[in-house]
Amino acid sequence: MKRTRHLAMIAHDLGLIFEFLGVVSLLPFFVLIIFGEWDLLLPMATAPFTFLTTGFLISHIPHEDIEPSFSATLSAVALSWLAIAFVGALPFVFGLGMSYTDAVFEAMAGWTGTAFSMIPSLDQTPDTLLFWRSFMQWVGGIGVIVFGISLRSKTRVSLFRMYRAEGREDALVSATTSSGRRLWMIYLVLTFGFTGLVMLTGIPLWDSLNLVMTTIATGGFTLHDGGLAYYNNAALEAALIPVMFAGSIPFKVFLFLYHGKVMGIFRDQTVRILLLIAGIGAALISLDLFIFSDLSPLSAVRQGTFTAVSGLTTCGLQNTSLHHWATVPLAILAMMVFIGGAMGSTAGGIKVNRLALVFEGVKWWFRRFFVSSRVLVPLRAGGKTLSVERSNLAVSKNLLVIVIYVLTIFLATVVTLHLYITSFRLDEVVFEIVSALSNSGVSVGFISPMSPLSIKWLFITLMWLGRIEIVPVLIIAMGIFREVRDDLARDVSGSRIE
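Q: What is the right way to read helix 12 (residues 234-248) from this model?
A: In an α-helix, one turn spans 3.6 residues; hence positions three or four apart end up facing the same way. In this model, helix 12 (15 residues) spans 21 Å end to end at C-alpha, consistent with the 21 Å of a helix rising 1.5 Å per residue. Among the 15 residues of helix 12, 11 are classified as buried, and the element is accordingly described as predominantly covered. You can read the cap of helix 12 off the contacts: a side-chain oxygen lies 3.0 Å from the backbone nitrogen of A235, and it is on N233.

What follows is the structure, encoded as structure tokens:
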């Protein structure tokens, strides 16, 4: 009974967010009118109609205004991301005639901010559907719960729990209505400001807007089959680097700009760590490309720097084909993709904050080995000194998430190799799986429209797991296991009584 009350409360809030998605998904109709693509009127209407209908039905479920359990919230948000992808796929099914599997793949890549694509030819795809892809990444990057919070006159605990369950362990800003709206405004200002910057490189308004929408969301969808290499514009690549960084650092840092403290951004420890990893990674990859790929120094630096930043920020943009890279630079890039951006940003990966905390925690554990048990060795994290109990919990929890990510990559690799005999090298297969789980989409070309059905659904699952950071799915699985175990126990005890 208690569980039902909790689910009813969560369903009500999710229904309101679905209704919001139904309203905002009407925005591509302006693009439809501008380009006169009237044959897409009904296909594009399928998404807002389904969102609005579903949202209306579940938001009117009778409920009590209670504080739901965090495990129930995690499960609901995880399943809602699946539902959002299934609905977002409808315009591709009815507008392009894609199979439902390919359409769900495209939508999941869109909402989760992953650059993989199942569309056979982007150059022949209607502009309305291209904008729908960009729009999904733009909204999905900041998180649908954030938008839901900004709509409320008052934020309830249930919405705050959903906000955290969306993979926001470190809040972008405090989960209040005013903060949600402020975050939305920052996102809009950054989008339009960077669009103007990209236009200065000679890129038309339409291309600039779509590129910035997907780049600020660290998504990486482009408008052409050639990707970013289609433009062959070094100035464009240089202009997109700060956009990628903007999407990968905590949005709360941009409040420094609001108060006129520009240098305050670079005083943030997370930003400094991110820049340090990017600099080291770019230098190593550029050097390896020069040594192993027979590139000129200038080409090696151009490819290495841009791809390193794209990988670390999990943006998915690339200005070269990675299939021709040697194993060494590809391995370095894979580690950067695995790390990802910062908590409280649009980026994926395990997050630099988590890596930094685990690194400090391991050092803290080792320091305690060499002192008396009576000596208190403090651990500082986030500018605060934590108690021993909180330190152990924080380090263990974050280390557990990293271990789960590694195990997921291992299991996915084993499953992939059993399902699909491929000419790609093992390191390339592992790289593609890391890219999917980190919601990057930087690709060596392993996953494509020609991939087997089983591989496509495996990658859909990986993108979904990466967006919600795996833990909610484990909670769902454990809940199902307990239900099955209890049912079996009741059946056994009943049979004994008989």
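Q: Honestly, helix 17 (residues 327-339) in this entry has me stumped. Any pointers?
A: Across its 13 residues, helix 17 extends 18 Å between first and last C-alpha, which sits within 8% of the 18 Å expected from 1.5 Å per residue. Where helix 17 is concerned, the buried positions are P329, L330, I332, L333, A334, M336, V337, F338 and I339. At the C-terminal side of helix 17, G340 shows a positive phi close to 75°.

Q: So what exactly am I meant to see when it comes to a nonpolar patch on the surface here?
A: Nonpolar side chains collect at one region of the surface, where L287, F290, I291, F292 and V328 lie side by side and expose about 470 Å² of accessible area between them. Examined against the element boundaries, V328 turns out to sit in helix 17. The exposure class of V328 is partly exposed, given its relative accessible area of 38%.

Q: Would you take a moment to explain the side chain of T270 for this structure?
A: Tracing the sequence through the fold places T270 in helix 15 (residues 269-292). Ignoring anything within four residues of it in the chain, the contact list for T270 reads P250, A342, V352 and N353.

Q: Quick question: what am I supposed to make of the nonpolar core here?
A: Across soluble globular proteins, nonpolar side chains have a tendency to be buried as a group. In this structure, W111, F459 and W464 are the most contacted members of the largest nonpolar core, which totals 125 residues. Setting aside its immediate chain neighbours within four residues, F459 contacts F105, F116, E432, I433, A436, F446 and I447.

Calculation criteria
Residues numbered from 1 in each chain as written. Predicted model: local features only at pLDDT ≥ 70, side-chain atom pairs only at ≥ 80, totals over all residues. Heavy atoms only, no water. Helix = DSSP H or I, 4+ residues; strand = E, 2+ residues; numbered from the N terminus. Expected span 1.5 Å × (residues − 1). Buried < 20%, exposed > 50% of the residue type's maximum accessible area, 1.4 Å probe, protein only. Polar contact = N/O pair within 3.5 Å; in protein donor to acceptor, adjacent residues only side chain to side chain. Patch = residues over 30% accessible without salt bridge, like charges linked within 9 Å, V, L, I, M, F, W, Y side chains within 5 Å. Areas by Shrake-Rupley, 256 points an atom, 1.4 Å probe, with all protein chains shown as cover. Salt bridge = Lys/Arg side-chain N within 4 Å of Asp/Glu carboxyl O. Contact = heavy atoms within 4.5 Å. Core = buried A, V, L, I, M, F, W, Y, C linked by side-chain atoms within 4.5 Å.

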